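Read off the chains here:
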Amino acid sequence: MAVQVVLVHGIRTSATMWRSQVVSLQERGVCAVAVDLPGHGARMAERFTLAGAFATIDDAVRDAASRGPVLLVGHSMGGLLCTEYVGAEEPPPVAGFVAASCTSLPRGVALSAYRALARGFDALPDRGMWLTNRMLDRILPAHTRDDFGAGGYALDTQDVALSSLSALDLLAAVQRIRVPLWFVNGQYDQLRVHERLFLRLAPHAELVVVPRTTHHVTVMRPEVFTAVLNLAVRTLERRESEVASPT
């Protein structure tokens, strides 16, 4: 059974941020699907809730699992949600997990500061989009720049989504993850703050740090990130082959 890849986007953006990875995986013959969480992308009009977000991830995973072993991939907020999901007390049908830009605990002063910064941007005349676009123009390559915002920006959802993340019990979840696990961070990603803690809690995990890259590692260095996904897919393919043909 062929490996199936499910991709979950970060806050404010949408499934379109994964276009480069989806195309590359499909050219390799790997089935890949990117979802929109509630309040994002094609579902912008919906209200974001943790229950709705987990239901979206679970529906996509279980549908994919009917066709083969699932590699779940999450970035930023999507990575935090997927960490909680994969590390549930009753493990879902996930064969491997790539957690990008999410080795941080969303709580306390750090979360409050992030929410305050987001509200400050939102108070600007254009809700901070001029500054956001100038920054993205500088750091993203031309072939992924449009993909990042093609589904629109979920500005009205951001604070609700951020506030909900404090309910996640990531420390317990990470310790329960037993499937192959890759943490992928940009060298200059501010959410690397608890990277070492996550590695202690999941000693079987592999850490990939992408040089000269910020929090937007998936679109800033898309070829490098896709190479990590190809490694993960090959790992699951090999494990599947070993199970099917024991020596």
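Rules of the game
Residues numbered from 1 in each chain as written. Predicted model: local features only at pLDDT ≥ 70, side-chain atom pairs only at ≥ 80, totals over all residues. Heavy atoms only, no water. Axes fitted to C-alpha atoms, helices over the stretch in contact; angles between N-to-C directions. Helix = DSSP H or I, 4+ residues; strand = E, 2+ residues; numbered from the N terminus. Parallel < 35°, antiparallel > 145°, perpendicular 65-115°, else oblique. Left-handed = near helix turned anticlockwise from the far one by under 90°. Contact = heavy atoms within 4.5 Å. Nonpolar A, V, L, I, M, F, W, Y, C, P; charged D, E, K, R; others polar. Buried < 20%, exposed > 50% of the residue type's maximum accessible area, 1.4 Å probe, protein only. Pairing = 2+ DSSP bridges. Right-handed = clockwise from strand over helix to strand, strands pointing away. Core = buried A, V, L, I, M, F, W, Y, C linked by side-chain atoms within 4.5 Å. Expected span 1.5 Å × (residues − 1). Phe/Tyr/Trp six-rings, centres within 6.5 Å; stacked < 30°, edge-to-face > 60°. Salt bridge = Lys/Arg side-chain N within 4 Å of Asp/Glu carboxyl O.

Caption draft 1: Examining the packing of helix α1 (residues 19-27) against helix α11 (residues 222-244) more closely. Between α1 and α11, the least distance of the axes is 10 Å, while the angle of their chain directions is 45°. By the angle class used here, α1 and α11 are oblique. For α1 against α11, the interelement crossing comes out right-handed. Seen from α1, the contacting residues are Ser20, Gln21, Ser24 and Leu25; seen from α11, they are Pro222, Phe225, Thr226, Leu229, Asn230 and Val233. Taken together, the residues that form the contact of α1 with α11 break down as five nonpolar, five polar and no charged.

Caption draft 2: Structural context of α1. Listed as buried for α1 are Ser20, Gln21, Val22 and Leu25. Where α1 is buried, its residues contact β1 (4-8), β2 (31-35), α6 (142-149), α10 (217-220) and α11. Gly29, located one to two residues past α1, shows a positive phi value of around 90°.

Caption draft 3: How the structure looks around the environment of Met135. Looking at the secondary structure, you find Met135 in helix α5 (residues 129-139). Take Met135: its relative accessible area is 36%, and that puts it in the partly exposed class.

Caption draft 4: Structural detail: the pairing of strand β4 (residues 96-100). A large share of β4 lies buried, amounting to five of its five residues. Burial along β4 is two-sided: Gly96, Val98 and Ala100 and Phe97 and Ala99, pointing in opposite directions, are all buried. Note that strand β3 (residues 70-75) and β4 share five bridges and pair parallel. Counterpart to Leu71 in the pairing with β4 is Gly96. Crossover handedness for the path β3 to helix α3 (residues 77-86) to β4: right-handed. Pairing between β4 and strand β5 (residues 181-186): four bridges, direction parallel.

Caption draft 5: Region of interest: the sheet that holds β5. Reading across the sheet, the six strands line up as β2-β1-β3-β4-β5-β6 and stay open at both edges, with parallel pairing between neighbours. Looking at strand neighbours, the two that pair on one side only are β2 and β6 (206-210), the edges of this open sheet. Recorded for the sheet is a direction-independent mean angle of 15° between the axes of neighbouring strands. Along the sheet, α3 makes contact with β1, β3 and β4, crossing β3 at roughly 140°.

Caption draft 6: Spatial organisation of the nonpolar core. Core analysis: the largest hydrophobic core is formed by 41 residues, its most contacted members being Ile57, Leu72, Met77, Leu81, Val86 and Phe97. Membership of the second largest hydrophobic core comes to 31 residues, among which are Met17, Ala100, Val210 and Ala232.

Caption draft 7: Structural view of α11. Counted at 1.5 Å a residue, the expected span for α11 with its 23 residues is 33 Å, and the 33 Å between its end C-alpha atoms agrees. Among all positions of α11, only Pro222, Phe225, Thr226, Val228, Leu229, Asn230, Ala232, Val233, Thr235 and Leu236 are buried.

Caption draft 8: Expanded view of the packing of aromatic side chains. Using the criterion set out here, one finds three aromatic pairs in the structure. With a centroid separation of 6.0 Å and 35° between ring planes, the pair formed by Trp18 and Phe225 is classed as tilted. Taken together, the residues Trp18 in the loop between β1 and α1 and Phe225 in helix α11 connect sequence positions 207 residues apart. Grouping residues by exposure puts Trp18 and Phe225 together as buried.

Caption draft 9: Here's a closer look at the pairing of β1. With five of five residues buried, β1 lies mostly within the body of the structure. The side-chain alternation of β1 yields two buried faces, one formed by Gln4, Val6 and Val8 and the other by Val5 and Leu7. Two elements, β1 and β2, share five bridges in a ladder whose sense is parallel. Residue pairing across strands places Leu7 opposite Ala34, the latter belonging to β2. Taken together, β1, α1 and β2 form a β-α-β motif whose crossover is right-handed.

Caption draft 10: Expanded view of the pattern of salt bridges. Under the definition given, this model contains eight salt bridges. The partner of Arg28 in a salt bridge is Glu237, and the shortest N-O contact between them spans 3.5 Å. Of this pair, Arg28 sits in the loop between α1 and β2 while Glu237 sits in helix α11, placing them 209 residues apart in sequence. Residue Glu237 is classed as partly exposed on the basis of its relative accessible area of 35%. Put simply, Arg43 and Glu46 hold a salt bridge, and the shortest N to O gap is 2.9 Å. The class of Glu46 is partly exposed, set by a relative accessible area of 38%. Overlapping salt bridges bring together Arg134, Asp137 and Arg145 as one network.

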